[in-house]
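A look at the structure
Listed below are the residues making up each chain.
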Amino acid sequence: MATVSPDAPPTSIDAPAMRNAGRELLSLALMDARNHSLHLLSHYEQAAAEGKLDVPCRPELELPQWLAGHIGWLAEYWIGRNPQRSLGAACPPDAVRLASIEPMADQWFNPAIATHAARWQLQLPDFQAIRAYLLDTLESTLELLDKTAEDDQGLYFFRVALFHEDLRCEQLVTMAQTLGLPLKLALPVGVQARDPVLVPAGRWLLGSSPGGFVFDAEKWAHEIDVPEFEIDAQPVNWGQYVEFVDDGGYDRPELWLPQGWEWLQREADQEGRRGPRYVEQIGSASGAVMRTLFGKSSRMSSSQSAMHVTWWEADAWARWAGRRLATEVEWEMAAHTASRRGFRWGDVREWTASTLRPWPGFEPDAWSEHTDLAAQPRLGLARVQRGGSFAARSRMKHPKFRGFALPDRDDGFVGFRTCAL
């Protein structure tokens, strides 16, 4: 749970305030992020060596060599190869670039050239060559950082490189779960349920203000009048979700939006969907929630946050409980103002009731157009996620962070919380 103000100066490399970090902490954080990338990549390399790595071409998956190479490519493209990097966010996306240290880097790792489906046909470098590319690009990044002006413009792309790598590392963890890859991570510990929190009505500044690093989906802060609301102190846990299953939640169309019910019927026809993804057993009759976690069957505590749910399932649970999903402004307001009254977050990302829409002054960042993280193609379709999961670095857990996904996505470590009607 985040307890320190994200607006305070960073005191460690894993603090949410790293969005405002200067050269010294940025240098340490970039090394930390690269070490984490290499550590995660080693698990994929070991699985490949044992003949246990099969990555099908599916929308939620990437080839691990491509994903790791792309981390190094994006940093090199916007820093090492970019003579106009000192312009920061104002740097034109089509600025002339220097040559890469790897002649094939653009053909391999630029998503504008190597589209998702085409990556499975590429002759990508082996894991050893990818590691060397990651180490070489990090070295050049750190050398340039040491000579960079200590201001938001000069440090902009170095902060971009850090948080892009953190997002990609979270993606590597999520993929390990999807592929059943053995991975040892400390799971969130369940907590005793607390009463919902009442948040008084007020005017809230939703989104991020200029200064430091800001993801484009968070642009820009704007005031909203928020009526009084009652919100869960923590995300819905497995014990609460079991009650929904036992009460026939997956058999009652009146609890589901029409599109959600259609999704459920398609899933039921294919795999007999009776619970969130990766769940093997659920319900009071089974005595526990058993699910596959990084390839191993694991028993979940009833007090642990439910996860791997779609937005459709979260919305159906809320209707069954006589409640509703929290809006993103309610979530953000509670995260900032109610932490001392029990509002707890940071174990799972959380679905909200809000649809991803542009805010006043929104413009997509040029660098995010070189990734699959750009918000623009999903505007009006995706649902907003708030918070952060145990699979993410702590510096990613900023209360202003605005994630998003299409409502049928269930591969991420995503749960939800509700509000009173």
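Coordinates for the structure precede this section.
Computed from a predicted structure; not experimentally measured. (Residues numbered from 1 in each chain as written. Predicted model: local features only at pLDDT ≥ 70, side-chain atom pairs only at ≥ 80, totals over all residues. Heavy atoms only, no water.)

Some remarks on the nonpolar core
As a rule of thumb, soluble globular proteins bury nonpolar side chains together. Counted only if it meets this: What is meant by a nonpolar core is a set of buried Ala, Val, Leu, Ile, Met, Phe, Trp, Tyr and Cys residues, joined one to another through side-chain atoms within 4.5 Å. For every residue, the accessible area (1.4 Å probe, protein chains only) is compared with the maximum for its type, and the residue is labelled buried under 20%, exposed over 50%, or partly exposed between those bounds. Only heavy atoms enter the contact rule, under which two residues are in contact if any of them lie within 4.5 Å.
By size, the foremost hydrophobic cluster in this structure holds 95 residues, and its most contacted members are F109, W238, Y241, F244, W256 and F416. Setting aside anything within four residues of it in sequence, one finds F244 in contact with G249, Y250, L255, W256, A316, W317 and W320. Among the nonpolar cores identified, the runner-up in size contains 19 residues, and W204, V226, A335 and W345 belong to it.

Overview of the packing of helix 2 (residues 64-80) against helix 4 (residues 127-145)
Defined as follows: Each axis is a line fitted through C-alpha atoms, taken for helices only over the stretch in contact, and angles between the N-to-C directions span 0 to 180 degrees. Per the convention used, a helix needs a DSSP run of H or I reaching at least four residues, while a strand needs a run of E reaching at least two, with both numbered from the N terminus. Orientation categories follow fixed angle ranges, with anything under 35 degrees roughly parallel, anything over 145 roughly antiparallel, 65 to 115 roughly perpendicular, and all other angles oblique. In this scheme the handedness of a crossing depends on how the near helix is turned from the far one: anticlockwise by less than a right angle means left-handed, clockwise means right-handed. In this count, Pro and Cys sit with the nonpolar residues alongside Ala, Val, Leu, Ile, Met, Phe, Trp and Tyr, while Asp, Glu, Lys and Arg are called charged and the others, Gly among them, polar.
Helix 4 packs onto helix 2 with a crossing angle of 25° between their chain directions and a minimal axis gap of 9 Å. When the axis of helix 2 is compared with that of helix 4, the two are roughly parallel. Crossing geometry of helix 2 relative to helix 4 is assigned as left-handed. Of helix 4, the residues touching helix 2 (which contributes P64, Q65, A68, G69, I71, G72, W73, A75, E76, I79 and G80) are F127, I130, Y133, L134, T137, T141 and L144. Per-class residue counts for the contact of helix 2 with helix 4 are 11 nonpolar, six polar and one charged.

Details of the side chain of R402
Here is the rule: The term polar contact refers here to a pair of N or O atoms within 3.5 Å; inside protein, the definition further demands a hydrogen-donor-capable atom paired with an acceptor-capable atom, and it admits residues adjacent in sequence only when both atoms are side-chain atoms.
Note on placement: R402 falls in the loop between strand 10 (383-387) and strand 11 (403-405). A residue is classified by how much of its surface remains accessible, and R402, at 4% relative accessible area, is buried. At 2.9 Å, the side chain of R402 and the backbone oxygen of A217 are in polar contact. A polar side-chain atom of R402 sits 3.3 Å from the main-chain carbonyl oxygen of R357. Contacts of R402, omitting those with residues within four sequence positions, involve A217, E218, E328, T355, L356, R357, W359, V384, Q385 and R386.

With respect to the sheet that holds strand 9 (residues 349-355)
The following threshold applies: Strands were regarded as paired on the criterion that DSSP finds at least two bridges between them.
The mixed open sheet is built from four strands, whose spatial order is 11-10-9-12. What marks the edges here is a single partner per strand, and that holds for strand 11 and strand 12 (414-416). On average, adjacent strands in this sheet sit at an angle of 45° to one another, irrespective of strand direction. Bridge analysis of strand 10 against strand 11 gives three bridges, and the strand direction is antiparallel. Among the inter-strand pairings, V384 is bridged to a residue of strand 11, identified as F404. Along the sheet face, helix 8 (residues 311-320) touches strand 9, strand 10 and strand 12 and points at about 80° away from the line of strand 9.

A short note on the sheet that holds strand 5 (residues 279-281)
Within the open sheet, the three strands sit side by side as 5-6-7. Their pairing is antiparallel. The sheet is open, and its two edges are formed by strand 5 and strand 7 (296-300), each paired on a single side. Each strand of the sheet is rotated relative to its neighbour by a mean of 40°, with strand direction disregarded. Relative to strand 7, strand 6 (residues 289-293) runs antiparallel, the two being bridged by five bridges. The residue of strand 7 that forms the bridge with R291 is S298.

Comments concerning the packing of aromatic side chains
For any two aromatic rings, the description comes down to two numbers: the centre-to-centre distance and the angle of the planes. Put simply, the test is: Stacked, tilted and edge-to-face pairs are distinguished by plane angle, under 30 degrees for stacked and over 60 for edge-to-face with tilted covering the rest, among Phe, Tyr and Trp rings (Trp via its six-membered ring) whose centres lie within 6.5 Å.
Overall, the coordinates contain 26 aromatic pairs when judged by the stated rule. Ring geometry for W331 versus F343: centroids 5.9 Å apart, planes at 80°, classification edge-to-face. Of this pair, W331 sits in helix 9 (residues 328-337) while F343 sits in the loop between helix 9 and strand 9, placing them 12 residues apart in sequence. On the basis of relative accessibility, which here comes to 0%, the residue F343 falls in the buried class.

Describing the packing of helix 2 against helix 5 (residues 152-179)
In a packed pair of helices, the relevant descriptors are the angle between the two axes and the axis-to-axis distance. Running from N to C, helix 2 and helix 5 cross one another at 175°; their axes reach a closest spacing of 9 Å. Taken together, the axes of helix 2 and helix 5 lie roughly antiparallel to each other. Residue-level inspection shows P64, L67, H70, I71, L74, A75, W78 and I79 of helix 2 in contact with helix 5, the latter providing F157, F158, V160, A161, H164, E165, R168, Q171, L172 and M175. Of the residues contributing to the contact of helix 2 with helix 5, the split by class is 13 nonpolar, three polar and two charged.

By themselves, these figures tell us nothing about what the structure is for.
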